[in-house]
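This is what each chain is made of:
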Amino acid sequence: MRTVYLNGDYLPETEAKVSIFDRGFVMADGVYEVTSVLGGKLIDFGGHLTRLQRSLDALEMKNPLSAEEWLEVHRQLVARNAVEEGMVYLQVTRGNPGDRDFAYPADDVAPTVVLFTQAKSGLADNPVAKTGIKIITVPDIRWGRRDIKTVQLLYPSMGKMMAKKAGVDDAWLVEDGFVTEGTSNNAYIVKGNKIITRALSSDILHGITRAAVLRFAREAQMEVEERNFTVDEAKAADEAFITSASAFVMPVVEIDGAALGNGKPGPLTARLREIYLDEMRKAAV
Ligand code: PDD
């Protein structure tokens, strides 16, 4: 049984209980982060903490722990659960005001802090990275602050279910004819030596993996163009891929039934995945 963290305590997962009035439960009033673990160490931990602060600020929530405390809890959970490869999930909600009310409660209501691990062996050596994933496109009908990493994930769940029903792996979201991002990842296409991905705004989550991958791409003399792209442009691309803390760099080989190039993962994507994993393992904490 896993050991999880709840408001200062390390508990067996069956003993960690949260109130029915918790605003995370009744209002999706909370934020989260997912940090991957490779070789028992945290990948890009600083990036995830920085984004956590940004999400909390956007919702006028105080950060309940210091950077040192967050690191300590992450490390404790990785150690106590003997996670070699996998993820640490963290969530902060606005806590339990004792009743349901739309207005934010007073500052003395303590936030609810939950962390748990998910062991996933073969995360880095994922065989899917060799064959690639297939995606469909679906309308992006989410709210306008997708840059805040909230726990309000119903539409991404629906998107994953639409993909599943269509017999593919995931979905890209489309707004006004342009791809915003994947259901739980950022989306990219490749033309020659050029990587094209939507620019940062409140339309998409500011991926921590995205920031690192674009930095490594530029360092490797690949061209990066941060701009909107259409589904048609994506279908005609040489390569495509997604990035996230759990998928790293994952090739996309089919979009709405149309194979990209020869239907196999492309060389630029493979190289980027390799660089990303190498560099991030070196910097892991
Ligand atoms: N999802 N876009 C969306 C909508 C996401 O949910 C995520 C992450 C990303 C990629 O962000 P990052 O590179 O920082 O992981 C982009 C996480 C992994 C999840 O919900 O499980």
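Quantities reported herein were computed from a predicted structural model and do not represent experimental measurements.

**Comments concerning the pairing of strand S3 (residues 30-38)**
Here comes step 1: Within S3, nine of the nine residues are buried, which leaves the element mostly enclosed by the surrounding structure.
Here comes step 2: A two-sided burial pattern is seen for S3, the buried positions comprising Gly30, Tyr32, Val34, Ser36 and Leu38 on one face and Val31, Glu33, Thr35 and Val37 on the other.
Here comes step 3: In this sheet, strand S5 (residues 86-93) lies alongside S3 in antiparallel orientation, the contact comprising eight bridges. Note on S5: the bridge partner recorded for Ser36 is Met87.
Here comes step 4: The pairing of S3 with strand S4 (residues 41-42) spans two bridges and is antiparallel. Among the inter-strand pairings, Val37 is bridged to a residue of S4, identified as Leu42.

**What about the site of the ligand?**
Here comes step 1: Lining the immediate surroundings of the ligand are 20 residues, of which Tyr32, Arg51, Glu181, Ile208 and Thr209 lie closest.
Here comes step 2: Here an oxygen atom of the ligand sits 2.6 Å away from a polar atom, N or O, in the side chain of Thr209.
Here comes step 3: Ala245 places a main-chain nitrogen or oxygen 2.8 Å from an oxygen atom of the ligand.
Here comes step 4: Compared with its free state, where it exposes 470 Å², the ligand has 89% of that area covered by protein.
Here comes step 5: In this structure the site holding the ligand corresponds to the largest pocket.

**Regarding the side chain of Arg142**
Here comes step 1: Along the chain, Arg142 falls in the loop between strand S7 (133-139) and helix H5 (154-165).
Here comes step 2: Given a relative accessible area of 17%, Arg142 falls into the buried group.
Here comes step 3: Excluding its chain neighbours within four sequence positions, the residues that come into contact with Arg142 are Tyr155, Pro156, Leu173, Thr180, Glu181 and Asp203.

**Overview of the packing of helix H6 (residues 208-219) against helix H8 (residues 267-283)**
Here comes step 1: H8 packs onto H6 with a crossing angle of 110° between their chain directions and a minimal axis gap of 10 Å. Put simply, H6 runs roughly perpendicular to H8. Every residue of H8 that contacts H6 at Thr209, Ala212, Val213, Phe216 and Ala217 is listed here: Leu272, Ile275, Tyr276, Glu279 and Met280.

Analysis parameters
Residues numbered from 1 in each chain as written. Predicted model: local features only at pLDDT ≥ 70, side-chain atom pairs only at ≥ 80, totals over all residues. Heavy atoms only, no water. Buried < 20%, exposed > 50% of the residue type's maximum accessible area, 1.4 Å probe, protein only. Helix = DSSP H or I, 4+ residues; strand = E, 2+ residues; numbered from the N terminus. Pairing = 2+ DSSP bridges. Near = heavy atom within 4 Å. Polar contact = N/O pair within 3.5 Å; in protein donor to acceptor, adjacent residues only side chain to side chain. Areas by Shrake-Rupley, 256 points an atom, 1.4 Å probe, with all protein chains shown as cover. 1 Å grid on protein atoms, 1.4 Å probe; cavity = no way out; pocket = protein on both sides within 12 Å on 5 of 7 lines; lining within 4 Å. Sits in = over half its atoms within 2 Å of the grid points. Contact = heavy atoms within 4.5 Å. Axes fitted to C-alpha atoms, helices over the stretch in contact; angles between N-to-C directions. Parallel < 35°, antiparallel > 145°, perpendicular 65-115°, else oblique.

The analysis is restricted to geometry; functional conclusions fall outside its scope.
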